Amino acid sequence: MYGTLKSGAPMKRGYTLPRAQMENADVARIINSTEVQSVLRPKLEAPKVVPRKVNAIRSKDAMEKLNPYAPEAKAAEKKRQEDKSAVKARKAASKEYNKKHKRGPDTF
């Protein structure tokens, strides 16, 4: 039905079997031959790998590398917030006490 490589197909008019593109399939030998290698361009160098940047706001190590004072500043801010909340609690307690112990319209 399909015929052979030498003769066409007897049942299909104008059809021939597809031929291999290369007679000699020893591609490695052909590529490494001096004729081919002399025509090729030189091998390109690999691009330089750039390390991924780290967000200093999220990473303590990166922040410390950029700003050595950062841990002390963060601790000072935390202490200031605690002091602020203590003052706020003391004021709230004072207001509550004054409401409780009020003795007339002129007291406070």
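Residues numbered from 1 in each chain as written. Predicted model: local features only at pLDDT ≥ 70, side-chain atom pairs only at ≥ 80, totals over all residues. Heavy atoms only, no water.

A word on the pattern of salt bridges. Evaluation of the coordinates by the stated rule reveals three salt bridges. The residue Glu77 makes a salt bridge to Arg80 at a minimum N-O spacing of 2.9 Å. In this pair, Glu77 and Arg80 both sit in helix α4 (residues 70-100), three residues apart, roughly one turn of the helix. Relative accessible area serves as the criterion here: at 35%, Glu77 is assigned to the partly exposed category. The class of Arg80 is partly exposed, set by a relative accessible area of 43%. (Salt bridge = Lys/Arg side-chain N within 4 Å of Asp/Glu carboxyl O. Helix = DSSP H or I, 4+ residues; strand = E, 2+ residues; numbered from the N terminus. Buried < 20%, exposed > 50% of the residue type's maximum accessible area, 1.4 Å probe, protein only.)

Before going further, it helps to examine the environment of Val36. Considering the arrangement of structural elements, one finds Val36 in helix α2 (residues 34-39). When its relative accessible area of 29% is taken as the criterion, Val36 is described as partly exposed. Excluding residues within four positions of it along the chain, Val36 makes contact with Ile30 and Ile31. (Contact = heavy atoms within 4.5 Å.)

Now for the packing of aromatic side chains. Scanning the entire structure with this criterion turns up zero aromatic pairs. A cation sits over an aromatic face here: Lys12 above Tyr15, 5.0 Å from the ring centre. (Phe/Tyr/Trp six-rings, centres within 6.5 Å; stacked < 30°, edge-to-face > 60°. Lys NZ or Arg CZ within 6 Å of the ring centre and 35° of its normal.)

A contiguous patch of positive charge, built from Arg90, Lys91, Lys95 and Lys99, is present on the exposed surface. Examined against the element boundaries, Lys99 turns out to sit in helix α4. Classification of Lys99 by relative accessible area gives exposed; the value is 67%. (Patch = residues over 30% accessible without salt bridge, like charges linked within 9 Å, V, L, I, M, F, W, Y side chains within 5 Å. Areas by Shrake-Rupley, 256 points an atom, 1.4 Å probe, with all protein chains shown as cover. Lys, Arg positive; Asp, Glu negative; His and termini not counted. Charge placed at Lys NZ, Arg CZ, Asp CG, Glu CD.)

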